[in-house]
Amino acid sequence: MTAHKWQFSARFRRHAFGWRSDAPIQRIKEALAEIKKVARVDRVLAAQGAVSFLEKLSPALEHVDSSSGAVGTAVNNAIRMLVPIITGADVEAKVRQAWLERLWEALQNDDIPYIESLGEYWGELCVMPELAAHWADKFLPLIQHTWSLPSGQRGYFKGETVCLASLHAAGRYDELLTLLDNSPYTWWHYRRWGVKALVALGKKSEAIRYAEATHGFNEPIWAIAQTCEAILLSSGMADEAYRRYAVKANQGTTNLSTFRAIAKKYPNIPAEQILRDLVASQPGSEGKWFAAAKSVGLFDLAIELATMSPTDPRTLVRAAQDYCTTRPDFSFAAGLSALHWIAQGKGYEITGAEVIEAYLAVMNAASGAGIDERQAKVRIEGAISCENSKVGFVHTTLARRLLA
């Protein structure tokens, strides 16, 4: 191997970081950038650097407060980025085997743990089927013995996932399924390898049934749904994939991101149908989909949703202000809904100034919507006429303006 001085080496000494997570996260990003830069000119050297970095990660991070999950996320992202660099290097089997031995040692010393997800990529890291077979044979007898013991005598072995991934990479699908059939666990973490094996054997329907049979307490329903959805999509069964799994498999951090994820996978399904199906999946929360409907241009549906269940008044007011000129009908309706929900006591610590802001948004949109001032005020009075402890607050704030 070419001699090379990696800058990250000095920064990732054992216990290099204190409890704060910001510095190690930044150092991880810098190390990845350094390795990626080298990979553009020397893939083997970059792979060597990636192995070295993964060896150093966990010891360097031992004292870092990982409770927020930020460091764990940074490490998992790093592993996802580095695995293709390691697998993409063209090296002899003995070199790759030496890398795998070093990574296994790092996994064994990963006490926190930080790099445990590396085991999930073991089959890929082996690259060569003969290496995967070696690692499967290395751990298979021990796992078979451990899983046969009574529950009180079993312990966790870090080579379990390594073995499952290696059996799959070696093409030993029947052996993998037999091992899982004798497992004392029905965890998705293990059984997903059975799903992969069944798919590889061309038994896609059986793979879906196998995946669904994993449902249980604390199982990642979204991950199971994603797997089943992918199987059906790969079989050209998009309609069934959408009907059975689309909503569960594509939950984003926001309602809009959830909608967009589904719309991207299913371009032949109308946007309004997707959104209505998503709304139906969360009865009683229709108003929370207002922003998503508005953002994708479904303005009539957005207003329909805003009238069905509580919707954030501030979101409604912003929409009324943004579309006052271009879509005055929508703007007027959004502003009225904002006043209605404020009168119902919705919204966090709404102030009198925000009530007036909503009122002005409605009045500004009225003329463009073909509604005269008197009619607009009548509509506003109707929107806030509901009896609630907040009614007095809204009426008092708008009294002079409504009478003018």
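Residues numbered from 1 in each chain as written. Predicted model: local features only at pLDDT ≥ 70, side-chain atom pairs only at ≥ 80, totals over all residues. Heavy atoms only, no water.

Q: Sorry, what's going on with the overall build of the chain here?
A: Looking only at helices and strands, one finds 22 helices and zero strands in the chain. Since a compact globule built from 404 residues should have a radius of gyration of about 22 Å, the 29 Å found for the chain marks it as more spread out than a globular shape. The C-alpha extent of the chain, read off along each of the three principal axes, is 85 × 50 × 45 Å. Across the 404 residues that make up the chain, the buried fraction comes to 46%. Put simply, of all contacts in the chain between residues at least 6 apart along the chain, 65% involve residues at least 24 apart. Carbon and sulfur atoms make up 51% of the accessible area of the chain, which totals about 20100 Å². (Helix = DSSP H or I, 4+ residues; strand = E, 2+ residues; numbered from the N terminus. Rg over C-alpha atoms; globule rule 2.2 N^0.38 Å. Buried < 20%, exposed > 50% of the residue type's maximum accessible area, 1.4 Å probe, protein only. Contact = heavy atoms within 4.5 Å. Areas by Shrake-Rupley, 256 points an atom, 1.4 Å probe, with all protein chains shown as cover.)

Q: Quick question: what am I supposed to make of the environment of Leu107 here?
A: Mapped onto the fold, Leu107 is located in helix H5 (residues 93-108). What makes Leu107 buried here is its relative accessible area of 5%. On a C-alpha basis, the gap between Leu107 and Ser58 in space is 8.9 Å, while along the polypeptide they are 49 residues apart. In this view, Leu107 contacts Ile115, Glu116, Leu118, Gly119, Trp122, Lys158 and Val162; residues no more than four positions away in its chain are not counted.

Q: Explain the packing of helix H11 (residues 204-212) against helix H12 (residues 221-234) here, please?
A: One way to put it is that H11 packs onto H12 with a least axis distance of 10 Å and a crossing angle of 170 degrees. Regarding the angle of H11 to H12, the classification is roughly antiparallel. Where H11 abuts H12, its residues Lys204, Ala207, Ile208, Ala211 and Glu212 lie against Ile224, Cys228, Ile231, Leu232 and Ser234. Broken down by class, the residue content of the contact of H11 with H12 amounts to seven nonpolar, one polar and two charged. (Axes fitted to C-alpha atoms, helices over the stretch in contact; angles between N-to-C directions. Parallel < 35°, antiparallel > 145°, perpendicular 65-115°, else oblique. Nonpolar A, V, L, I, M, F, W, Y, C, P; charged D, E, K, R; others polar.)

Q: Even after reading the chapter, I still don't get unusual backbone geometry, so can you show me in this structure?
A: That bond from Ile112 to Pro113 is cis: its omega, 0 degrees, falls within 30 degrees of zero. One can find Pro113 in the loop between H5 and helix H6 (122-126). If you check the backbone angles, His15 has positive phi at about 60 degrees while not being a glycine. Of note, His15 is situated in the loop between helix H1 (7-11) and helix H2 (22-39). In this model, Val127 sits at a positive phi of 65 degrees, which is unusual for a non-glycine residue. Relative to the helices and strands, Val127 resides in the loop between H6 and helix H7 (129-148).

Q: Sorry if this is basic, but what is going on with helix H3 (residues 43-61) here?
A: For an α-helix, 3.6 residues make a turn, and residues three or four places apart therefore share a direction. End to end, H3 covers 27 Å across 19 residues, agreeing with the expected 27 Å (1.5 Å per residue, within 8%). In terms of burial, H3 is a largely internal element, 15 of the 19 residues being buried. The backbone nitrogen of Val44 has a side-chain oxygen 3.3 Å away, supplied by the residue at the start of H3, namely Asp42. (Expected span 1.5 Å × (residues − 1). Polar contact = N/O pair within 3.5 Å; in protein donor to acceptor, adjacent residues only side chain to side chain.)

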